[in-house]
Amino acid sequence: MSVQANKPLFIWRHLNKLRWLVMSLVFFMLILLPMLHVYQTYVSAHAYDLLSPSEQNFYDFMETITAPFVSDPENELDAIKGTTWSGTFFGLKLSDPLAAAGQVAASLKFYWPFVLTALIPVAFTLVFGRFFCGWLCPATFLYELNTTLGVWLRKAGLRTGNRRLDPRLKYIVLVLGLLLSAASGSIVLAAVYPPAVVGREIYYAIALGGFGVGAVFFVVTLLFDLLVARRGFCRYLCPGGALYSLLGRFRPIRIKRIVENCNDCAKCNAVCEFGLDPLRDNFGMECNNCSACIAVCPTDAMTFVVRMQDFPYQGPGHLGRHYRRQQGKKQTIDDSDEKA
Amino acid sequence: MQRRTFIKAMGVGAATALAPAAVKSARFRPSLRYLRPPGALAEEEFLSRCIRCGQCGEACPNRCIKYFSTENGVASLDTPYIIPREKACILCMKCGEVCPTDAIAAIPREAGAIISGVKMGMARVDKKICLSYQGKTCGVCYRACPLPDVAIRVGMLEQPHVSQACVGCGLCERSCIQIPQAIRIIPNRKGA
């Protein structure tokens, strides 16, 4: 009765830890890169003695951590530059697909050398879906910490937002953003897209002496998430999330529920940060393959699968009460294991 | 309920209709004298090409590239600019190399390419302030110029004469020992 059919590959339930590692690494790089830039400017000035004591301390610290890796910091620390909005990775220029879309809208022309820098991210999104949102986005890093803060506040007795809005709102934001970019001739989306804002603001804070307007915007989105809806910006307002969801609609790599192992506990629904419905096989185009549902499932009923579409609803989990009651009705005798 | 929705819809409609005009008109504020990085496209095209990624400032070893907040209008938000009197451009040409959209064109770091390709602005001497025009020999701007005798040549008492070859890097303005500076860059918005 409780034979575990189709056990998922053991590694999938540990992916969530890898995901946090990758996101932390990306966020850490967004802090390290501006620091490296400042260090490089000090090196190219060749005027160590003219630095203030705090600047000299900073120089010494950066020299200590980079000396084992490079002998010429002025020219050899350029392997990784930029942010997740647009950057250089070992000579390869990579850009956010929303940047390409927004720039084309703003100029009403295809500047191919730039549009093609978004090709690899688009290709990955077509295969893995909205994976940027779950695995790379620096705003997600902060928003998930914000969700945890919300949990603590709720435990302390404060009310946090729990509304359900329409996820289709963000598609309207995307379209309006592109239209406004076209009408004004400026890529306005860059100012309201959290990962671009976070990357830029961290650079401003470290290299230019302080946060800018974007930091205020981002704090407002954090408050929106706390007071209105959990992960509200990502789920209902993010234009980038909208674009990735559209690209990832027919992703071949997706999560599925192994109905034979499922006991209807709904922990997957509880943990899903995007408010999706894995219990009813309803992942949809908004699933970012974060694998939190796989990690939390107590009966190994979640796994990755290669399929262009979600499974249609498979019915109640075979280890759960509803299924067993159904099966019990089909058997006319022997309800001995129906004591639940 | 119907009236409220109607008024709300009117408000949203008005905001959407006026928004592009508001963004466009907020763009050009003549009181702000700033330069775009060397090799930047003409202002209108620059604004439509720049994706506000911040890599040009990250590449600048001289730390002269700063980024607008809202002081130059919403359209210029997070775009790079240089104030030569604060920190002039040393024409290392690294910003053009890293710009992913070529809003800043990649110009090689050679005198010929720079003179023909870079047009951030043109230096202009204020003879009422310039010491050399007051009978005192100065010549500091000439010595600061990266293209001496090409962009600036000096006459009697080291009086500077700016030629058409000036690229507008602003090193002269940064170095001028007068307060306010006697030589300043008049920005060029038609393709730096």
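Student: What's the story with the overall build of chain A in this structure? I'm lost.
Tutor: On a plain count of helices and strands, chain A comes out with 17 helices and 5 strands. For chain A, the spread of C-alpha atoms along the three principal axes comes to 90 × 50 × 40 Å. Expressed as a percentage of its 340 residues, the buried residues of chain A come to 49%. Mean positive and mean negative side-chain charge positions of chain A (33 and 25 charges, respectively) differ by 13 Å.

Student: I would appreciate a short explanation of the overall build of chain B in the present structure.
Tutor: Each helix and strand counted, chain B has 7 helices and 6 strands in total. Counting from the amino terminus, helix and strand elements in chain B follow one another as α-α-α-β-β-α-α-β-α-β-β-α-β. The buried share among the 192 residues of chain B stands at 47%. The long-range fraction of contacts in chain B, counting pairs at least 24 apart against all pairs at least 6 apart in sequence, stands at 66%. Counting only carbon and sulfur atoms, one obtains 60% of the accessible surface of chain B, whose full area is about 9200 Å².

Student: What is the right way to read the nonpolar core from this model?
Tutor: Generally speaking, nonpolar side chains in soluble globular proteins are found buried as a group. Of all hydrophobic cores here, the largest spans 57 residues; its most connected members are I65, L91, V118 and I183 of chain B. When residues of this core are traced back to their parent elements, those giving at least two are α1 (15–45), α2 (53–66) and α11 (194–207) of chain A together with β3 (121–125), α6 (140–144), α7 (171–175) and β6 (183–187) of chain B. For this core, the element with the most residues is α1 of chain A, which contributes 8 residues.

Student: Teacher, can you tell me more about the confidence of the model for chain B here?
Tutor: Detailed reading of predicted coordinates is not advised where the pLDDT is low. Within chain B, residue pLDDT values average 90, and 89% of them lie at 70 or more. Here the prediction assigns the complex a pTM of 0.89, and the interface score ipTM is 0.89.

Student: For this particular structure, what's the right way to read the sheet that holds strand β3 (residues 92–95) of chain A?
Tutor: Working definition: the strands of a sheet are paired by backbone hydrogen bonds and lie parallel or antiparallel to each other. Residue and element names in this part refer to chain A. One open sheet holds the 3 strands; their spatial order is β1-β2-β3, and the pairing between them is antiparallel. A single partner strand is all that each edge strand has here, and the edge strands are β1 (80–82) and β3. Averaged over all pairs of adjacent strands, the angle between their axes in this sheet comes to 20°, without regard to strand direction. Here β1 pairs with strand β2 (residues 86–89) via 3 bridges, running antiparallel. For G82, the partnering residue across the bridge sits in β2 and is G87.

Student: Would you explain the pattern of salt bridges in this entry?
Tutor: If charged atoms from side chains of opposite charge come close, those side chains can pair. All names here are of chain A. This model, assessed by the stated rule, comprises 18 salt bridges over all chains. Ionic pairing is found between R19 and E144, a salt bridge with its closest N-O pair at 3.1 Å. Of the two residues, R19 is situated in helix α1 and E144 in helix α8 (residues 138–155); the sequence distance between them amounts to 125 residues. Across this residue pair, the class does not change: R19 and E144 are buried. Between D277 and R280 there is a salt bridge whose closest N-O contact spans 3.0 Å. Assessed through its relative accessible area of 16%, D277 is described here as buried.

Student: Would you mind showing me how to read the packing of α1 of chain A against α11 of chain A here?
Tutor: Helix packing geometry: the angle between the two helix axes and the distance between the axes. All names here are of chain A. Their axes nearest at 9 Å, the elements α1 and α11 cross at an angle of 35°. Judged by the sense of rotation from one axis to the other, the crossing of α1 with α11 is right-handed. Contact with α1, carried on its side by F27, L30, I31, P34, M35, H37 and V38, involves V198, G199, I202, Y203, I206 and A207 of α11 and no other residues of that element. Among the residues making up the contact of α1 with α11, the classes are represented as 11 nonpolar, 2 polar and no charged.

Cut-off values and rules
- Residue numbers here run from 1 along each chain, matching the order of that chain's written sequence.
- Written order decides the labels, with chains lettered from A and ligands numbered from 1.
- Where totals are concerned, whole chains, interfaces and linings use all residues; where local detail is concerned, this predicted model gives features only for residues with pLDDT of at least 70, and gives and counts side-chain atom pairs only at 80 or more.
- Only hydrogens and water are set aside; all other atoms, that is, all heavy atoms of the structure, feed into the side-chain values.
- Helix and strand assignments come from DSSP, with helices taken as H or I runs of at least 4 residues and strands as E runs of at least 2, each series counted from the N terminus.
- Burial classes follow relative accessibility: with a 1.4 Å probe on protein chains only, a residue under 20% of its type's maximum area counts as buried, one over 50% as exposed, and anything between as partly exposed.
- Only four residue types enter the charge count, namely Lys and Arg as positive and Asp and Glu as negative; His and the chain termini do not.
- Where a charge lies is defined by one atom per residue type, namely NZ (Lys), CZ (Arg), CG (Asp) and CD (Glu).
- We call two residues in contact when some of their heavy atoms are within 4.5 Å.
- Working definition of accessibility: Shrake-Rupley area with a 1.4 Å probe, residue cover restricted to the visible protein chains.
- Here the nonpolar core consists of buried residues drawn from Ala, Val, Leu, Ile, Met, Phe, Trp, Tyr and Cys, with membership extended through side-chain atoms lying within 4.5 Å.
- What pLDDT expresses is the predictor's confidence in each residue, scored from 0 to 100.
- When DSSP finds two or more bridges between two strands, those strands count as paired.
- With axes taken as lines fitted to C-alpha atoms, and helix axes fitted only over the stretch in contact, angles between N-to-C directions fall between 0 and 180 degrees.
- Only one rule defines a salt bridge in this text: a Lys or Arg side-chain nitrogen within 4 Å of an Asp or Glu carboxyl oxygen.
- Handedness of each helix crossing follows the sense of rotation of the near helix against the far helix: counterclockwise by less than a right angle gives left-handed, clockwise gives right-handed.
- Gly counts as polar in this scheme, as do all residues outside two lists: the nonpolar Ala, Val, Leu, Ile, Met, Phe, Trp, Tyr, Cys and Pro, and the charged Asp, Glu, Lys and Arg.

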